[in-house]
Amino acid sequence: TQLLEQSPQFLSIQEGENLTVYCNSSSVFSSLQWYRQEPGEGPVLLVTVVTGGEVKKLKRLTFQFGDARKDSSLHITAAQPGDTGLYLCVVSAGTALIFGKGTTLSVSS
Amino acid sequence: NAGVMQNPRHLVRRRGQEARLRCSPMKGHSHVYWYRQLPEEGLKFMVYLQKENIIDESGMPKERFSAEFPKEGPSILRIQQVVRGDSAAYFCASSPQGVPSVYNSPLHFGNGTRLTVT
């Protein structure tokens, strides 16, 4: 079983649309991170959320950590082709990071 | 301001050969992590090293795989007698401090080595 379940697995939208992707777990986490990975590159950290209910904004991206700290969402407003990539939610487990399988987002112009 | 450097970017090996993947961490980073990415499995932790020490190798297969981070030079992930199932993207990440968490600096990933075993 996967510790972090991300949905949807794939998302293909037109430029200008809004979207939300989700990261769910039955476990409680002290913090959660979102990374973005573009084709042929390594993951890059977007944000870290720590407090239950916390909302963080990064330009057109809004990240929310669930009240119970078991889930998180990423909302993108007015998506652009440059938002295309694999969005990964990540939690820390000892010395390792545990990655979800990610949501592959494709934004076409 | 060089980031994490991995080479080669692409590596093709025949079954039974050895693969050596190299990783130079960011300047000032003494903690190195190796991850493997398979299409259906996502990124999986393999090993965590500091200079001259293996801290956690719980994610690394017991046979054929080894990793080192010598006092001088890059970290090396070595796969002996490769099999088709070893085909994957291998990512290295580094941090200035250990035990990645929100309280420490985030991991900085390289762009990976894509290993293809024919």
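Located above this text is the structure these notes cover.
Since the model is a prediction, treat every value here as computed from it, not as a measurement.

Participant: Help me understand the overall build of chain B in this model?
Facilitator: In terms of helices and strands, chain B carries 0 helices and 11 strands. Tracing chain B from N to C terminus, the helices and strands come up as β-β-β-β-β-β-β-β-β-β-β. Taken over the C-alpha trace, chain B has a radius of gyration of 14 Å; the compact-globule value for 118 residues is 13 Å, and the two agree within 12%. On the principal axes, the C-alpha backbone points of chain B span a range of 40 × 30 × 30 Å. Across chain B, contacts joining residues at least 24 apart in sequence account for 53% of those joining residues at least 6 apart. Of note, chain B has its 16 positive side-chain charges centred 7 Å away from the centre of its 10 negative side-chain charges.

Participant: It is not clear to me how the environment of B:Ile79 should be interpreted in this structure. Could you clarify?
Facilitator: Residues and elements named next belong to chain B. When you line up the elements, Ile-79 lands in strand β8 (residues 75-79). Look at Ile-79 and you get buried, because its relative accessible area is 0%. Ignoring any residue separated from it by four or fewer positions in sequence, one finds Ile-79 in contact with Gln-17, Glu-18, Ala-19, Arg-64, Phe-65, Asp-86, Tyr-90 and Leu-115.

Participant: Looking at this model, I keep getting lost on the packing of aromatic side chains. Mind explaining?
Facilitator: Aromatic ring pairs: the centre-centre distance and the angle between the two ring planes describe each pair. All names here are of chain A. This model, assessed by the stated rule, comprises 8 aromatic pairs over all chains. Between Tyr-35 and Phe-99, the aromatic rings sit 5.9 Å apart at their centres with planes inclined by 55 degrees, giving tilted as the arrangement. Of this pair, Tyr-35 sits in strand β4 (residues 32-37) while Phe-99 is found in strand β10 (residues 96-99), placing the two residues 64 residues apart along the sequence. Taken individually, Tyr-35 and Phe-99 each receive the classification buried, so the pair is uniform in this respect.

Participant: Honestly, unusual backbone geometry in this entry has me stumped. Any pointers?
Facilitator: Backbone phi values are negative for most residues with the exception of glycine, while trans is the configuration of most peptide bonds. The peptide bond linking A:Ser7 to A:Pro8 adopts the cis configuration, its omega dihedral lying at -10 degrees. By the secondary structure assignment, A:Pro8 is in the loop between β1 (5-7) and β2 (10-14). Following B:Asn7, the chain continues to B:Pro8 via a peptide bond in cis, the omega torsion being 0 degrees. Summarising the element assignment, B:Pro8 is placed in the loop between β1 (5-7) and β2 (10-13).

Participant: What is the right way to read the interface of chain B and chain A from this model?
Facilitator: Many authors give the size of an interface as the accessible area that is lost as the parts come together. Contacts between the two partners involve 22 residues from chain B, matched on the other side by 20 residues from chain A. Contact between chain B and chain A buries roughly 1600 Å² in total, counting both sides, with carbon and sulfur atoms accounting for 58%. Contributions of two or more residues to the side of chain B that touches chain A are made by β4 (31-38) and β5 (42-50) of chain B. Here the side of chain B that touches chain A takes 4 residues from β5(B), the largest share from any one element. Tallied by class, the residues present in the side of chain B that touches chain A amount to 12 nonpolar, 4 polar and 6 charged.

Participant: Any chance you could explain the sheet that holds strand β7 (residues 61-65) of chain A here in plain terms?
Facilitator: Backbone hydrogen bonds are what pair the strands of a sheet, in a parallel or an antiparallel way. All names here are of chain A. One open sheet accounts for 5 strands, arranged β1-β3-β8-β7-β6; its pairing is antiparallel. Each edge of the sheet is formed by a strand with only one pairing partner; in this case those strands are β1 and β6 (55-58). Here the strands of the sheet are splayed against their neighbours by 15 degrees on average, with no regard to which way each runs. Two strands pair when backbone bridges link them, and β1 and strand β3 (residues 19-24) are joined in this way by 3 bridges, in the antiparallel orientation.

Participant: In this structure, what is going on with the layout of surface pockets? I would like to understand it.
Facilitator: Picture a little ball the size of a water molecule; that probe, rolled over the atoms, points out where space is still empty. Size it by volume and the largest pocket reaches roughly 490 Å³. Sorting the residues of the lining of the largest pocket by element identifies β9 (85-93) and β11 (103-108) of chain A together with β4 and β9 (88-95) of chain B as the ones contributing at least two each. A breakdown of the residues in the lining of the largest pocket according to their chemical character gives 8 nonpolar, 9 polar and 5 charged.

Rules and cut-offs
- Residues numbered from 1 in each chain as written.
- Chains lettered and ligands numbered in written order.
- Predicted model: local features only at pLDDT ≥ 70, side-chain atom pairs only at ≥ 80, totals over all residues.
- Heavy atoms only, no water.
- Helix = DSSP H or I, 4+ residues; strand = E, 2+ residues; numbered from the N terminus.
- Rg over C-alpha atoms; globule rule 2.2 N^0.38 Å.
- Contact = heavy atoms within 4.5 Å.
- Lys, Arg positive; Asp, Glu negative; His and termini not counted.
- Charge placed at Lys NZ, Arg CZ, Asp CG, Glu CD.
- Buried < 20%, exposed > 50% of the residue type's maximum accessible area, 1.4 Å probe, protein only.
- Phe/Tyr/Trp six-rings, centres within 6.5 Å; stacked < 30°, edge-to-face > 60°.
- Buried area = accessible area lost by both parts, 1.4 Å probe.
- Nonpolar A, V, L, I, M, F, W, Y, C, P; charged D, E, K, R; others polar.
- Pairing = 2+ DSSP bridges.
- Axes fitted to C-alpha atoms, helices over the stretch in contact; angles between N-to-C directions.
- 1 Å grid on protein atoms, 1.4 Å probe; cavity = no way out; pocket = protein on both sides within 12 Å on 5 of 7 lines; lining within 4 Å.
- Points joined across faces, edges and corners; volume = space filled by probe spheres on them.

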